[in-house]
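What the coordinates show
Each chain, letter by letter, is given below.
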Amino acid sequence: MPTQPFLNSASWIWSAEGSHSAPAAKDATPSHYQVRYFRRTFDVKDPAQARLSVDLSADSRYLFYCNGVFIGRGPAKGDVNHHFYDTFRLTPHLRKGRNVLAAIVLDMSRVAHRPALLGPPCSVMTYTGGFVLEGALTSRSGRVITDLRTDARWRVVVDKAHRFQNEHTTFEGYLGYFEHRLSALVPAGWNTPKFDDSAWSPAHVLFRAELRENRRDPASPYGLMPRMIPMLEEGAPEAFPDAYVAGGGEVPPAWQKLLGTGRPLTLKPGTKVDLVLDMGKLTTAFPHLAVAGGAGSTVRLTYAEALRLPWDTPGAQLLGKKQSLANLASHFADESTGWTFDRRGKVTGWCDLWEPAGRDEVFEPLHWRAFRYVGLQITVGQQPLKLRAVRQRFTAYPYRVAAKFQSSDAALDRIWRVGLHTMRMCSHETFEDCPHYEQMQYAGDTMITSQLALFTTGDGRLSRQALYHFDWSRLSDGLTQARYPSRLVQVIPAWSIHWITNLRDYFLCTGDRATVADLLPGVRAVLDWYRRHAGADGLPSKLPFWNITDWCPWWPRGVVPGADTGATCIHSAQFINALDEAAWLVRHLGRTPEAEALTAEAAALRRTAHALFWSEAEGLYCDRPGGPEVSQYGNAWAIVAGLAGERERAIIMRRFPNDAKLAPGSFFWWHTGFAALAKCGRLDDLPQHLGPWHESVNYGLSTFVEENSYWRSLCHAWSAHPVLEFQQRILGVTPVEPGFARIALVPHRCGLTHARGSVCTPRGLVEVAWRAADGRFTLEATVPAGIPVDVQLPDGSRHAAPGGRISLTCPIP
């Protein structure tokens with residue numbers, strides 16, 4: 001066998017109809033997706049002397065087994081030209097005698113994506129149904145015993161058990177159909193060695209598999225690439241912390257024992273159950289139901305982030321307030337009800353349906369679900385249904401959070417914990433804007449979540465993949481798509497700017513020069529697009545596509561006034577800032593002349609933008625030339641991008657950020673807003689601006705929401721950024737050179753008496769602790785040896801340290 005997989009060897013396979021013809025109705029999965037089972041048996045004489053490793057992929061998704069043992073699921077999300085394959089070491093699973101490799105594959109390619117009606121996941125990009133595997137059973141010395149690559153020796157059968165549905169779809173969603181499974185139609189034991197597959201058909205060979213790097217005149221649509229990220233964490237089944245009868249009543253004692261200790265519970269024929277399972281916090285998990293018997297029963301699992309109640313429900317606390325949702329993320333809005341954690345509320349949303357086969361079996365959906373609440377409704381058929389387990393299995397990207405934060409304000413510590421949980425819930429095969437509604441990777445959200453992950457875990461693999469995803473998404477005119485992978489093209493010019501920021505942050509945190517150099521042409525392409533869409537003064541003007549910058553309730557669909565007719569302060573400042581960031585990137589790659597040209601371009605445009613948008617009368621920057629509109633976000637960007645000099649910053653701070661005339665933003669704008677406060681020397685005001693986050697925590701939310709109306713997503717990646725403020729501003733740790741090769745340590749008191757915590761770097765943790773007492777500020781820090789540190793204390797004094805242990809003190813100013 002070749003040392004590299006997919007070199008003129010394995011072929012993609014499917015069932016008899018192939019890739020471009022539809023099976024007859026009697027031969028098809030009776031639903032939206034097509035589903036197939038694959039098997040390949042082989043014999044092993046002596047497992048101790050055998051070795052087996054396989055590389056495999058599928059379109060669109062697979063679950064893979066060896067001898068009935070679940071091995072893994074995939075592939076990771078990419079696109080057709082960058083289609084990932086996975087590698088599994090199967091030697092520990094070999095047994096003497098007959099062995100089997102088996103997979104169930106979902107083909108989502110035959111269904112168009114329609115957000116209002118679900119359809120397939122928008123983030124899963126497909127071409128045609130297929131499965132491919134490269135591998136061979138070998139001796140310990142490497143001699144091939146049995147070639148197991150996919151070809152006509154594999155067996156296949158059409159699945160009839162999996163149907164897919166969108167019942168009770170009241171909100172727009174991008175995450176795809178939910179399941180309706182008829183387990184009686186699942187071939188019992190199909191993935192075990194003893195199963196008789198003689199009635200199954202030989203697999204139909206589609207085309208030869210190819211690595212992306214080897215494609216010349218390709219016959220295969222897929223450019224195969226090795227997986228860039230680790231497999232997701234999948235935990236063991238665990239109990240739901242709480243449960244109650246729908247409406248709020250206590251569950252019967254027998255149910256309490258089942259849910260708490262796993263004591264089996266048998267339901268009589270005709271029994272109806274309507275319970276709510278409560279995780280106590282949002283999770284991403286596989287619901288796990290183990291049963292026996294129960295043929296003819298139906299089980300419905302409905303998933304929700306929170307419960308719904310009418311606004312006028314006596315004594316109920318609802319999230320936010322009743323309001324018009326016209327300019328917010330409020331698809332299919334029902335303004336008569338709101339979200340609540342009051343047990344009287346209803347579980348509404350998408351659901352999985354399951355009809356047990358009447359045998360011992362376990363139900364888990366093929367894809368994980370995001371929920372705090374699961375509405376469990378059971379109608380028992382004519383046969384008793386024995387419940388052996390009603391549990392859930394956690395899954396997410398396998399981050400290991402190493403950073404810590406603790407301060408004299410317990411409320412900040414709670415924001416830290418909720419922010420980290422938000423990050424984890426929005427990190428799976430990609431970063432996600434929200435795990436419940438979309439599961440889509442957006443460049444704006446990713447800019448925040450990626451940096452947060454790098455600072456708190458030191459793991460840059462998902463961040464690197466995201467950078468490449470957006471580079472692969474690039475349109476011919478130069479912009480990246482706003483979200484990717486994605487079946488639907490969506491372009492938000494500002495999100496391409498955020499991609500550049502994401503690359504800069506990645507470089508600062510990892511020092512990965514090779515990736516930056518590889519993606520630099522894409523940075524230039526974005527800047528060139530902005531130049532081509534500039535007015536005579538060089539500033540971006542009348543930009544096409546969707547020009548949302550934030551969910552401001554005063555702006556239609558988040559688009560700043562003037563974006564469709566001319567230049568705006570926000571887009572101009574973002575472009576100027578991107579020029580500066582690109583200059584920084586190329587300078588650190590040794591391209592000094594290019595860096596100087598970019599810096600000069602930014603400086604000239606900065607003067608132009610200041611003259612165009614600054615209003616001496618308002619003491620603010622207008623959103624468009626001459627105003628009259630002014631906004632929090634526009635002035636924050638004017639400060640961060642350097643349009644405002646020292647004089648203008650002082651004037652702005654008389655009204656910024658809370659003046660009633662300033663158009664308000666959502667949680668997202670504050671990522672720039674806090675940077676603006678820092679540049680104005682007002683970072684110590686940070687705690688007084690954390691009200692929206694405190695409100696979320698006080699409501700009982702375990703994650704931060706998309707925006708302040710609390711309408712749709714109650715877990716949104718872009719709202720977790722205070723975690724970064726605590727690390728970079730309160731602790732004061734920021735990288736100055738790529739890979740944390742040089743560090744700035746500039747702690748801010750922010751009204752606290754003490755704070756301690758840590759930041760992840762490629763060389764280890766930077767640990768910081770400071771205390772303000774008795775008129776003195778005392779700083780203790782430990783930095784990995786050999787990393788120079790530039791320290792600035794609250795009194796303005798500056799100190800240089802070579803790393804190691806740092807101990808400094810100064811009077812409190």
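Residues numbered from 1 in each chain as written. Predicted model: local features only at pLDDT ≥ 70, side-chain atom pairs only at ≥ 80, totals over all residues. Heavy atoms only, no water.

**Let's talk about the overall build of the protein**
Per the secondary structure count, the protein includes 13 helices and 38 strands. For 813 residues, the compact-globule formula gives about 28 Å, and the C-alpha radius of gyration of the protein, at 28 Å, lands near that figure. Structurally, the protein occupies a C-alpha span of about 80 × 65 × 55 Å along its principal axes. A total accessible area of about 28900 Å² is found for the protein, and carbon and sulfur atoms account for 51% of it. Here the protein carries 87 positive and 79 negative side-chain charges, and the mean point of each set is 5 Å from the other. (Helix = DSSP H or I, 4+ residues; strand = E, 2+ residues; numbered from the N terminus. Rg over C-alpha atoms; globule rule 2.2 N^0.38 Å. Areas by Shrake-Rupley, 256 points an atom, 1.4 Å probe, with all protein chains shown as cover. Lys, Arg positive; Asp, Glu negative; His and termini not counted. Charge placed at Lys NZ, Arg CZ, Asp CG, Glu CD.)

**Examining unusual backbone geometry**
In this structure, Pro485 follows Tyr484 across a cis peptide bond, with omega equal to -5°. You can see Pro485 is positioned in the loop between helix H4 (461–472) and helix H5 (493–510). The omega torsion of the bond from Phe656 to Pro657 falls at 5°, within 30 degrees of zero and hence cis. With respect to the helices, strands and loops of the structure, Pro657 is situated in the loop between helix H10 (646–652) and helix H11 (670–679). The backbone of Asp774 shows a phi angle near 55°, a positive value even though the residue is not glycine. Position of Asp774 among the secondary structure elements: in the loop between strand S34 (764–773) and strand S35 (776–783).

**Focus: the pattern of salt bridges**
A full pass over the atoms with the stated rule returns 41 salt bridges. Across the pair Glu618 and Arg655 runs a salt bridge, and its minimum N-O distance is 2.6 Å. Remark: Arg655 occurs in the loop between H10 and H11 and Glu618 occurs in the loop between strand S29 (614–615) and strand S30 (620–621); sequence separation between them is 37 residues. Residues joined by salt bridges that share partners form a network here, namely Arg73, Glu234, Glu364 and Arg393. (Salt bridge = Lys/Arg side-chain N within 4 Å of Asp/Glu carboxyl O.)

**Re the nonpolar core**
Ranked by internal contacts, the top residues of the largest apolar core, which has 219 residues, are Trp255 and Ile378. In this structure Ile378 touches Trp255, Leu267, Thr271, Lys272, Val273, Thr298, Val299, Leu385 and Leu387, once residues within four positions along its chain are discounted. (Core = buried A, V, L, I, M, F, W, Y, C linked by side-chain atoms within 4.5 Å. Buried < 20%, exposed > 50% of the residue type's maximum accessible area, 1.4 Å probe, protein only. Contact = heavy atoms within 4.5 Å.)

**Some thoughts on the packing of helix H3 (residues 443–457) against helix H13 (residues 722–730)**
Running from N to C, H3 and H13 cross one another at 45°; their axes reach a closest spacing of 10 Å. When the interaxial angle is binned, H3 and H13 end up oblique. Read as a crossing pair, H3 and H13 show a hand that is left-handed. Side by side, H3 and H13 meet where Ile448, Gln451, Leu452, Phe455 and Thr456 of the first sit next to Val723, Leu724, Gln727 and Gln728 of the second. The class makeup of the residues in the contact of H3 with H13 is 5 nonpolar, 4 polar and no charged. (Axes fitted to C-alpha atoms, helices over the stretch in contact; angles between N-to-C directions. Parallel < 35°, antiparallel > 145°, perpendicular 65-115°, else oblique. Left-handed = near helix turned anticlockwise from the far one by under 90°. Nonpolar A, V, L, I, M, F, W, Y, C, P; charged D, E, K, R; others polar.)

**Points about the sheet that holds strand S38 (residues 804–811)**
Strands sit in the order S28-S33-S34-S35-S38 across an open sheet of 5 strands; the sheet is antiparallel. The open sheet terminates on both sides in strands that have one partner only, identified here as strand S28 (405–407) and S38. Mean inter-strand twist for the sheet, computed between neighbouring axes without regard to direction, equals 10°. Alignment of strand S33 (residues 754–761) against S34, held across 8 bridges, turns out to be antiparallel. (Pairing = 2+ DSSP bridges.)

**Considerations on the environment of Met447**
By the secondary structure assignment, Met447 is in helix H3. In this structure, the C-alpha to C-alpha distance between Met447 and Arg504, residues 57 residues apart in sequence, is 9.9 Å.

**Here we look at H13**
Given 3.6 residues per turn, any residue in an α-helix points the same way as the ones three and four places further on. Within H13, 9 of the 9 residues are buried, which leaves the element mostly enclosed by the surrounding structure. All of the buried residues along H13 are Pro722, Val723, Leu724, Glu725, Phe726, Gln727, Gln728, Arg729 and Ile730. Looking one or two residues beyond H13, the residue adopting positive phi is Gly732, at roughly 90°.

**Some words on the pairing of strand S12 (residues 178–182)**
S12 sits mainly inside the fold: 4 of its 5 residues count as buried. The sheet contact formed by strand S11 (residues 162–165) and S12 spans 4 bridges and is antiparallel. In the strand pairing of S12, Gln165 is matched with Phe178. Bridge count between S12 and strand S24 (residues 351–355): 3 bridges; the pairing is parallel. Looking at the pairing, Leu182 lines up with Glu355 of S24.

**A word on the packing of aromatic side chains**
Tallying each qualifying case throughout the model produces 44 aromatic pairs. With a centroid separation of 5.9 Å and an interplanar angle of 50°, the aromatic rings of Trp14 and Phe38 are classed as tilted. One end of the pair, Trp14, is in strand S1 (residues 11–14); the other, Phe38, is in strand S2 (residues 34–44), and 24 residues separate them in sequence. Considered together, Trp14 and Phe38 belong to a single accessibility category, that of buried residues. Considering the side-chain rings of Phe507 and Trp584, the 5.7 Å spacing of their centres and the 70° angle between planes classify their relative orientation as edge-to-face. Remark: Trp584 occurs in helix H7 (residues 569–588) and Phe507 occurs in helix H5; sequence separation between them is 77 residues. The buried category is assigned to Trp584, whose relative accessible area is 17%. By way of ring pairs, the aromatic residues Tyr37, Tyr65, Phe70, Trp190, Phe195 and Trp200 are connected into one cluster. (Phe/Tyr/Trp six-rings, centres within 6.5 Å; stacked < 30°, edge-to-face > 60°.)

**Observations concerning H4**
Here H4 contains 12 residues, and its C-alpha end-to-end distance of 17 Å stays within 8% of the 16 Å for a straight helix at 1.5 Å per residue. With respect to burial, H4 is a largely interior element, 10 of its 12 residues being buried. Turning to H4, its buried residues are Leu462, Ser463, Gln465, Ala466, Leu467, Tyr468, His469, Phe470, Asp471 and Trp472. Turning to H4, the residues buried within the fold contact strand S6 (83–89), strand S15 (224–226), H3, H5 and helix H6 (513–532). (Expected span 1.5 Å × (residues − 1).)

**Digging into the sheet that holds strand S13 (residues 201–202)**
A sheet is described by the order of its strands in space; here 6 strands give the open sequence S5-S4-S7-S2-S10-S13, paired in antiparallel fashion. The open sheet has two free edges, formed respectively by strand S5 (69–74) and S13, since each of these has just one partner strand. Here strand S4 (residues 61–66) pairs with strand S7 (residues 97–107) via 6 bridges, running antiparallel. What sits directly across from Tyr65, in S7, is Ala102.

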